[in-house]
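Structural overview for review
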Amino acid sequence: MKFPYQMLRDFVDTDLDAHQIGDLLTMAGFELEGIESNDECRVSTDESEPQTSDLGPRTSDFVLDIKVMANRGDGLSVLGLAREVLAKDAGSKPTELYQQAVKRFPESPTPTPPSFTNQNEGGASDLVTIQTPNCTRYACRLFKGDFGKPTPNWIKSRLAQAGMRPISLLVDLTNYVMLEVGQPLHAFDFNTLKGGKIVVRQAREGEKLTTLDGNEHELNPGQMMICDAERPVAAAGIMGGAETEVTGSTTTMLLESAHFVNTSVRKTRKQLGLNTDASYRFERSVDPDGVVAALNRFAMLLAEVDGGASAVPGLIDVYTTPPQPKPLILRMSRSDLLLGMHVEPSDAQRYLSALGFQVEGNGEPFQVTHPTWRIDIEREDDLIEEIGRVHGYDRIPECNPQGTTTQGGVFGLAGLVDRIKLSLLRSGFAQVINYSFETKDPLDDPWVEKFGPRNPTSPEMGMMRSSLYPGLAQAARRNGGRDLHLFEIGRVFGIAGGQIHERQAIALLSTGALVPEHWVKAAAPQADFFSLKGALEGAFSSVGLQLKMDQGHQDPRLHSTRQAAILSADGAVAGHFGQIHPMLAKECDLPEGTVLAHFFPELLIGAGKAEPKLKSISRNPAVRRDIAFLIGKDVPYSRVEESVAAACGEVLEKLWVFDVYEGKGVPEGQCSIAIALQLRKQGENFTDEEANRVRDLAVAALAPLGGSVRA
């Protein structure tokens, strides 16, 4: 919004110049777009008119261009910006004109003719009728006389500086009042109003309106119009009609001042394709309690031209929906917390009072009622924002950030699942995604009861899945059922112990060749229990876990002797993996060698290594010692590996199996296993004697397991 600096000085007595005022308003939240001299837009004045006033020479005036936020309609007036200056500048004082504006520009009591009854209680009158809730207040005054007199040059000059083209006395005065107090006015030629009535209503089907710009508009019932007894004469809050326009021959003028619901004005303005200074303000809301004040201010300005001869005493004011602001609680302790600085309660009370708020209390808490022109104030934090911007954001003390920050990246269960997914992809598995709805299936979870929605879309999708196996099996069948390695990550559902459970699961299906067919025709390795175990070990290792297995808890969907349970760190069963049961393989049309895995990653959270252990790479050579021993088939190899590693200590760099033998020379129920120990020391070489002693420790560790060195 553009306005002359001198207009602000009409309301505020301040020592600040135009540039300082611009800086002050910027710090108050009204950004200064620019300042220009008025010499380029001044209207020539009559030599007989004084070129100076008690406020200083007009020729040295400046024009400020202020950006006003959409929720601060009060800032679209010089009066509204004057409040900001008075609140922030402790040295400024309100002028007499400001005091008159605060008192709503009172006029001298005058007798009201019976034909022009004053309505202050919201009742109807013979002249004005409101038939729509989109108009909450409508006031008007009559003026009779000769309106052909010229507009005072000082008003024309200020309008030109603000970017408004001077037109005629009545139009110029309405524009000037709008610029001063933010309330749009509209003048009707009263003699052109049919029936001498004003009706505020929604347009009717088939009605038309020719606006002041000469364009005819087809109206629809959703648009609010100002009408006379027969037809629309103006688009409410937007633009008047050409048929009731005031002209040089107008002798009786009806001046309108009203309050319209902002959303209604915005909707109609967009539909009609119009954009005016009045609609710009109504869309951002004007002060409903300033409606009559704008009429009185117009009468004061017109009286300076004709001595008050044209003013008809009295006015009509139909106020159907007065605003009812509710007090808000303001705690200064909350203010200090949000602003990061202490503001004295007395200062906060002074700031809010200067902005027009009613403040009661001592600060713990205050009870604050916002003025009618500040509909953007809805809660306590809005009041604290007012205190902060008036006190000065630049006064917030500088300090280092305190508190906690949100951990970046993917972490927790989501991070664990992501890393497992990447490991499975690197192992050659392809991810599939299936629906959560299905029917009953032989591969359903045997430990929970399935359930479904009350209104299933179809019988084939009438149950919530309890396991990811059925979806993987269906995907495998659709893709030929051979040489496939699939996995899925998704949620499964079931009823256990009378409670509905939902949890995330990961499932794998692997069948057929592990590598594509090669031209050398070498036999490709096939998926089996051990290839699946290797993929799981890699996935668990990627998240810092060790795959722990147990054969005591079996899954009936898997082969009884070719399966293992997956254990969590605390020994709970987190899932199973193994070869599919032969009967289920036939029923599900899958190869008998198909291997499956299904586990719940949430049970693995927190079981990883706390910190990775790193050590320097040794420059010394490694030595190898081999051990061949007999041991019972019922002893898991994992126990052998753990015992040997514990006995050898840190010098054991690597341990692996290079031979397993059963047959001639090996007792029944036992097998021969050959393992290699790779030993290395940091900073020195192993001697044969030292390496042999480590080997002897490993042999001794096998004895408790029933192992004996093979002769």
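Heads up: the structure comes first, above all this text.
Bear in mind that the values here come from a model prediction, so they are computed numbers and not experimental data. Per chain, residue numbering runs from 1 following the sequence as it is written. Predicted model: local features are reported for residues with pLDDT of at least 70 only, side-chain atom pairs are reported and counted for 80 or more only, and whole-chain, interface and lining totals are derived from all residues. Side-chain measures here rest on the full set of heavy atoms in the structure, leaving out hydrogens and waters.

1. Concerning the environment of Glu344
Our working definition: Note on conventions: DSSP H or I runs of at least 4 residues are helices, E runs of at least 2 residues are strands, and numbering of each starts at the N terminus. Throughout, exposure labels follow a simple rule: accessible area from a 1.4 Å probe, protein chains only, divided by the maximum for the residue type, with under 20% read as buried, over 50% as exposed, and the rest as partly exposed.
Along the chain, Glu344 turns up in the loop between helix H10 (332–339) and helix H11 (345–354). For Glu344, a relative accessible area of 40% translates into the label partly exposed. Along the backbone, Glu344 and Ser568 are 224 residues apart, and their C-alpha atoms lie at a distance of 58 Å.

2. Considering the side chain of Asp555
Note the following rule: By the convention used here, residues are in contact when the closest approach between their heavy atoms is within 4.5 Å.
In this structure, Asp555 sits in the loop between strand S27 (548–550) and strand S28 (558–567). The class of Asp555 is buried, set by a relative accessible area of 2%. Beyond its immediate stretch of four places on either side in the chain, Asp555 contacts Pro446, Trp447, Gln563 and His576.

3. Examining helix H12 (residues 380–391)
Owing to its 3.6 residues per turn, the α-helix aligns residues three or four sequence positions apart on the same side. In plain terms, the rule: A helix is expected to span 1.5 Å multiplied by its residue count minus one.
Across its 12 residues, H12 extends 17 Å between first and last C-alpha, which sits within 8% of the 16 Å expected from 1.5 Å per residue. Turning to H12, its buried residues are Glu380, Asp382, Leu383, Ile384, Glu386, Ile387, Gly388, Arg389, Val390 and His391. In this fold, the buried residues of H12 make contact with helix H2 (18–27), helix H3 (78–88), strand S19 (328–330), H10, H11 and strand S21 (366–369). Downstream of H12 by a residue or two, Gly392 has a phi angle that is positive, lying close to 115 degrees.

4. Considerations on the pattern of salt bridges
The following threshold applies: Salt bridge, as used here, is a side-chain nitrogen of Lys or Arg placed within 4 Å of a carboxyl oxygen of Asp or Glu.
Under the criterion given, the structure shown has 36 salt bridges. Among the salt bridges present, the one from Asp376 reaches Arg374, with a minimum N-O distance of 2.9 Å. Residue classification places Arg374 among the buried positions, given a relative accessible area of 1%. Residues Arg503 and Glu602 are paired through a salt bridge, measuring 3.5 Å at the closest nitrogen-oxygen approach. Of this pair, Arg503 sits in strand S26 (residues 499–511) while Glu602 sits in the loop between strand S30 (595–599) and strand S31 (623–632), and the two are 99 residues apart along the sequence. On the basis of relative accessibility, which here comes to 28%, the residue Arg503 falls in the partly exposed class. A cluster of three or more residues bridged by salt bridges with shared partners is formed by Arg72, Asp74, Glu84, Arg374, Asp376, Glu386 and Arg389.

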